[in-house]
Amino acid sequence: MLNNNINLLVRFYSGLGGFILSSCLKFLFSDIIDGYSIMINFNNVSKVYSQDSVALRDVNFSVSAGEFISVVGHSGAGKSTLIKMVLADEKPTEGTVFFESVDIHKLGNKELTKLRRRIGAVFQDFRLLPNKTAYENIAFAMEASGKTDEEIASDVPHVLELVDLTNRLSHFPHQMSGGEKQRLAIARAIINQPELIIADEPTGNLDPVNAFEVIQILKKINDLGTTVILTTHNRGVVESIGKRVITMEKGKIIRDDKDGKYVI
Amino acid sequence: MTELKRIIKAGFVNFSRNGIISWSAVLIITITLSVIGSLIFLQAVLHSSLDQMKEKVDITIYFNTGAQDSEMMALKANIEKLPEVASTEFVSSAEALQTFRDRHKDDYPTIQALDEIGINPLGAFLNIKAKEINQYESISNFLKSDNVLVSGSNSIIDKVNYNQNKLVIDRLSSIINGAEKLGFIVTLIFILISLIIAYNTIRLAIFMSREEISVMRLVGASKLRIRGPFMVEGAIYGLIATVITMLIFWPSTVWFGSHMTLFLGMNIYDYFTSNFFQIFFIVLLSGILLGMISSSFAVRRYLNK
């Protein structure tokens with residue numbers, strides 16, 4: 001079933017023509033045109049809530065377009081704060097966060113709204129709209145990015161099919177299992193073909209089978225050119241991905257490995 | 001246009017799915033609108049009572065018995081030219097006598113005494129009503145000044161009763177002013193309290209949706225797209241609450257009309273039916289604005305976080 005879903009995912013993305021082509025080109029030539037491919041850049045970022053509560057300390061790293069990065073660390077290491085910075089849900093006390101050439105935290109409301117449409121987000125607690133059905137949750141993300149009713153009617157069933165939720169179309173989140181909710185959250189995150197997917201502990205509330213499925217979907221999305229930032233404290237998940245791993249402790253980056261090691 | 005259609009549809013869908021929260025908000029707005037509507041009736045009763053009191057106040061010029069009709073008419077014409085004067089009523093000595101006889105028809109000794117005199121002892125008089133109760137003093141002053149009176153008219157006036165009634169008129173005037181001010185302040189306070197309660201109920205309803213609002217922001221929804229459905233929902237609260245309020249007022253005013261007309265000095269049911277559209281419009285506008293503005297303010301708190 002998973003293979004079938006991944007094939008559907010390929011078809012879904014294949015239909016996007018120009019987007020895929022440009023993403024693949026960016027991915028393939030990312031090493032050559034390095035300056036162009038930097039998508040996210042953290043520059044001396046600190047987040048201090050109070051003297052006793054420092055979430056991030058002088059964080060520096062960058063993410064190239066098309067990369068799959070796992071950010072690992074214990075609870076309270078600063079992983080979620082890092083994610084919130086990229087979504088402009090938190091402001092740094094010091095330092096800057098760039099998305100391509102734009103300082104995220106200097107954006108006005110309208111520009112920020114546009115930026116968020118370029119990012120798909122998946123969370124441990126799913127963050128679905130509780131009063132909307134599975135169909136409406138995805139349709140809302142499309143409406144927010146200005147898609148027409150026709151586009152919504154054609155794409156939503158398609159994306160629900162690829163996360164295997166066709167039979168949950170008119171179910172509300174409270175009528176779905178944890179795995180189904182997370183697959184729905186992934187469907188919502190990818191529906192607008194974002195350039196970046198942020199997954200904050202997406203497997204935290206899932207059993208191993210569902211966790212494996214979610215990670216496979218994220219890997220496939222990344223293979224198709226979308227940048228993925230994943231935070232987790234699940235060793236098995238990180239090692240199954242086998243890509244770049246940033247390790248955090250007490251708000252600091254203590255390791256940045258290219259080969260998928262989970263060392264704490 | 002598509003955006004507007006989606007916002008309106010989302011507002012209706014949210015209203016129906018929020019179930020008990022929506023109906024709680026409707027209930028509170030219904031109470032608020034009932035207070036506003038009741039205050040409209042209260043103001044009407046107050047004004048009607050005050051108007052009735054004002055009606056009882058006038059100035060009367062009593063003429064000497066020998067005064068000529070032409071002189072009295074000239075004075076009447078001059079008085080009617082005063083901007084403060086609302087109306088005048090002239091009662092001739094013959095009419096005054098007839099009224100006196102009618103009033104005392106069962107009082108035999110009085111009628112007999114009148115018959116024995118043989119002549120009409122009553123002079124004519126002129127009732128003057130001012131537009132406002134505080135204008136009687138200026139009319140009285142005007143009557144005293146020479147330039148108002150036609151030549152020789154001083155001699156035709158027996159007395160003007162303003163000075164005798166001055167104390168009563170002054171007290172009545174201050175009571176009416178006080179009652180109007182008090183009525184306005186009480187109305188304002190009640191409306192303010194109702195608005196605060198209604199606003200807080202809507203704020204509570206939206207507080208339950210704060211997570212939803214943050215998710216909408218994260219998926220890149222514009223402020224209008226997030227706030228719009230809540231405002232539509234607020235307008236629906238107001239609309240339904242208006243219908244319920246008017247349905248409550250119907251039997252209530254029927255009861256007040258049939259049982260309390262004498263006590264209140266006016267028929268509330270007649271007032272309700274003759275001003276139905278104005279009352280409906282005021283209540284509807286208050287309900288919709290209250291719902292929409294409260295929702296907009298309540299959502300703004302989470303949108304700007």
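What you are looking at is a predicted structure, and each value in this text was computed from that prediction instead of being measured.

Topic: the overall build of chain B
Alright, step 1. Tallying secondary structure elements over chain B gives 12 helices and four strands in all.
Alright, step 2. Over its C-alpha atoms chain B spans a radius of gyration of 31 Å, topping by over 25% the 19 Å that the globule rule assigns to 305 residues.
Alright, step 3. Structurally, chain B occupies a C-alpha span of about 100 × 45 × 35 Å along its principal axes.
Alright, step 4. By the burial criterion, 30% of the 305 residues in chain B qualify as buried.
Alright, step 5. Partitioning the contacts of chain B with sequence separation of at least 6, the portion at a separation of at least 24 is 87%.

Topic: the overall build of chain A
Alright, step 1. Secondary structure assignment for chain A yields 10 helices and 10 strands.
Alright, step 2. Put simply, chain A has 264 residues, and 45% of those count as buried.
Alright, step 3. Long-range contacts, defined here as pairs at least 24 residues apart, represent 68% of the contacts in chain A between residues at least 6 apart.

So, the environment of Met85 of chain A
All names here are of chain A.
Alright, step 1. The residue Met85 is located in helix H4 (residues 79-86) in this model.
Alright, step 2. For Met85, a count of 25 C-beta atoms within 10 Å puts it in the buried group.
Alright, step 3. Distance from Met85 to Val97, taken between C-alpha atoms, is 7.3 Å for residues 12 residues apart in sequence.
Alright, step 4. Excluding residues that lie within four positions of it along the chain, Met85 makes contacts with Val45, Glu90, Pro92 and Val97.

Quick word on the interface of chain B and chain A
Alright, step 1. Between chain B and chain A, the residue contacts involve 13 residues of the former and 17 residues of the latter.
Alright, step 2. Looking at the side of chain B that touches chain A, the elements with two or more residues in it are helix H1 (2-17), helix H8 (210-218) and helix H9 (223-259) of chain B.

A short note on the nonpolar core
In summary, soluble globular proteins display a tendency toward joint burial of nonpolar side chains.
Alright, step 1. Core analysis: the largest hydrophobic core is formed by 114 residues, its most contacted members being Ala187 and Ile197 of chain A.
Alright, step 2. No other element matches H9 of chain B, which puts 11 residues into this core.
Alright, step 3. Apart from the residues lying within four places of it in its own chain, the contact partners of Ile197 of chain A are Gly120, Val122, Ala189, Ile190, Leu218, Ile221, Thr226 and Val228 of chain A.
Alright, step 4. Ile61, Ala67, Leu143 and Ile169 of chain B belong to the second-largest nonpolar core, a separate cluster that totals 20 residues.

Concerning the sheet that holds strand S10 (residues 252-257) of chain A
Residue and element names in this part refer to chain A.
Alright, step 1. Across the sheet, six strands lie side by side as S6-S7-S8-S3-S9-S10; this open sheet has mixed pairing. The sheet is open, and its two borders are formed by strand S6 (119-123) and S10, each paired with just one other strand. When strand polarity is set aside, the average angle formed by the axes of neighbouring strands in this sheet is 15°.
Alright, step 2. The pairing of strand S3 (residues 68-72) with strand S8 (residues 227-232) spans five bridges and is parallel. Among the inter-strand pairings, Ile69 is bridged to a residue of S8, identified as Ile229.

Observations regarding helix H7 (residues 149-162) of chain A
The periodicity of an α-helix, 3.6 residues per turn, causes residues three or four places apart in sequence to face the same way.
Residues and elements named next belong to chain A.
Alright, step 1. Between its first and last C-alpha atoms H7 spans 20 Å; for 14 residues at 1.5 Å apiece the expected length is 20 Å, and the two agree.
Alright, step 2. All buried positions along H7 are accounted for by Ile152, Val156, Val159, Leu160 and Leu162.
Alright, step 3. Positive phi shows up at Asp164, right after H7, with a value of about 60°.

Regarding the packing of helix H8 (residues 178-190) of chain A against helix H9 (residues 208-223) of chain A
All names here are of chain A.
Alright, step 1. Orientation of H8 relative to H9, taken along the N-to-C sense of each, is 10°, at an axis distance of 10 Å. What the angle tells us is that H8 and H9 run roughly parallel. Taken together, the residues of H9 that come into contact with H8 (itself represented by Gly178, Gly179, Gln182, Ile186 and Ile190) are Asn210, Val214, Ile217 and Ile221.
Alright, step 2. When its residues are assigned to classes, the contact of H8 with H9 shows five nonpolar, four polar and no charged.

Some thoughts on the pairing of strand S3 (residues 125-130) of chain B
Residues and elements named next belong to chain B.
Alright, step 1. As defined by bridge partners, strand S1 (residues 59-63) adjoins S3 across four bridges and the pair is classed as antiparallel. Pairing of Ile59 across the sheet is with Ile128, part of S3.
Alright, step 2. In terms of strand pairing, strand S2 (residues 85-91) meets S3 through six bridges, oriented antiparallel. By the bridge assignment for S3, Thr88 is matched with Ile128.

Some words on the domain arrangement of chain B
Alright, step 1. Examined at the domain level, chain B breaks down into domain 1 (2-53 + 173-303) and domain 2 (58-165).
Alright, step 2. Taken over C-alpha atoms, the centre of domain 1 of chain B sits 53 Å from the centre of domain 2 of chain B.

Concerning the sheet that holds S2 of chain B
All names here are of chain B.
Alright, step 1. Read across the open sheet, the four strands follow the order S2-S3-S1-S4; overall the sheet is antiparallel. One side of each edge strand has no neighbouring strand; the edge strands of this open sheet are S2 and strand S4 (157-160). When strand polarity is set aside, the average angle formed by the axes of neighbouring strands in this sheet is 20°.
Alright, step 2. Relative to the sheet, helix H3 (residues 69-80) contacts S1, S2 and S3, its axis offset from that of S2 by approximately 165°.

Regarding the environment of Met248 of chain A
Residue and element names in this part refer to chain A.
Alright, step 1. Considering the arrangement of structural elements, one finds Met248 in strand S9 (residues 245-249).
Alright, step 2. Placed 102 residues apart in sequence, Met248 and Gly146 show a C-alpha to C-alpha distance of 37 Å.
Alright, step 3. The contact partners of Met248, leaving out residues within four places of it in the chain, are Val71, Gly73, Ala77, Gly78, Lys79, Ile253 and Ile254.

Some remarks on the confidence of the model for chain A
Residue and element names in this part refer to chain A.
Alright, step 1. Counting all residues, the mean pLDDT for chain A is 84, and 86% of those residues have values of 70 or more.
Alright, step 2. Least confident of the elements in chain A is helix H2 (residues 18-28), whose mean pLDDT is 48; most confident is strand S4 (residues 94-99), at 93.
Alright, step 3. Below pLDDT 50 for its whole length, residues 16-22 participates in six contacts with residues either more than four positions away or in separate chains.
Alright, step 4. Overall, residues 27-36 carries pLDDT values under 50, and its contacts beyond four positions in sequence, including any with other chains, amount to seven contacts.

A few points about the packing of H8 of chain B against helix H12 (residues 276-303) of chain B
Residue and element names in this part refer to chain B.
Alright, step 1. It is at 9 Å that the axes of H8 and H12 come closest, and there the two elements cross at 60°. In terms of their interaxial angle, H8 and H12 are classed as oblique. In this structure, H8 crosses over H12, and the sense of that crossing is right-handed. Seen from H8, the contacting residues are Arg210, Ile213 and Ser214; seen from H12, they are Val299, Tyr302 and Leu303.
Alright, step 2. Here the residues of the contact of H8 with H12 are counted per class, giving four nonpolar, one polar and one charged.

Quick notes on the rules
- Residues numbered from 1 in each chain as written.
- Chains lettered and ligands numbered in written order.
- Predicted model: local features only at pLDDT ≥ 70, side-chain atom pairs only at ≥ 80, totals over all residues.
- Helix = DSSP H or I, 4+ residues; strand = E, 2+ residues; numbered from the N terminus.
- Rg over C-alpha atoms; globule rule 2.2 N^0.38 Å.
- Buried ≥ 20, exposed ≤ 12 C-beta atoms within 10 Å, placed from the backbone.
- Contact = placed C-beta atoms within 7 Å.
- Core = buried A, V, L, I, M, F, W, Y, C linked by C-beta atoms within 7 Å.
- Pairing = 2+ DSSP bridges.
- Axes fitted to C-alpha atoms, helices over the stretch in contact; angles between N-to-C directions.
- Expected span 1.5 Å × (residues − 1).
- Parallel < 35°, antiparallel > 145°, perpendicular 65-115°, else oblique.
- Nonpolar A, V, L, I, M, F, W, Y, C, P; charged D, E, K, R; others polar.
- Domains from an automatic or database assignment.
- pLDDT = per-residue confidence, 0-100.
- Left-handed = near helix turned anticlockwise from the far one by under 90°.

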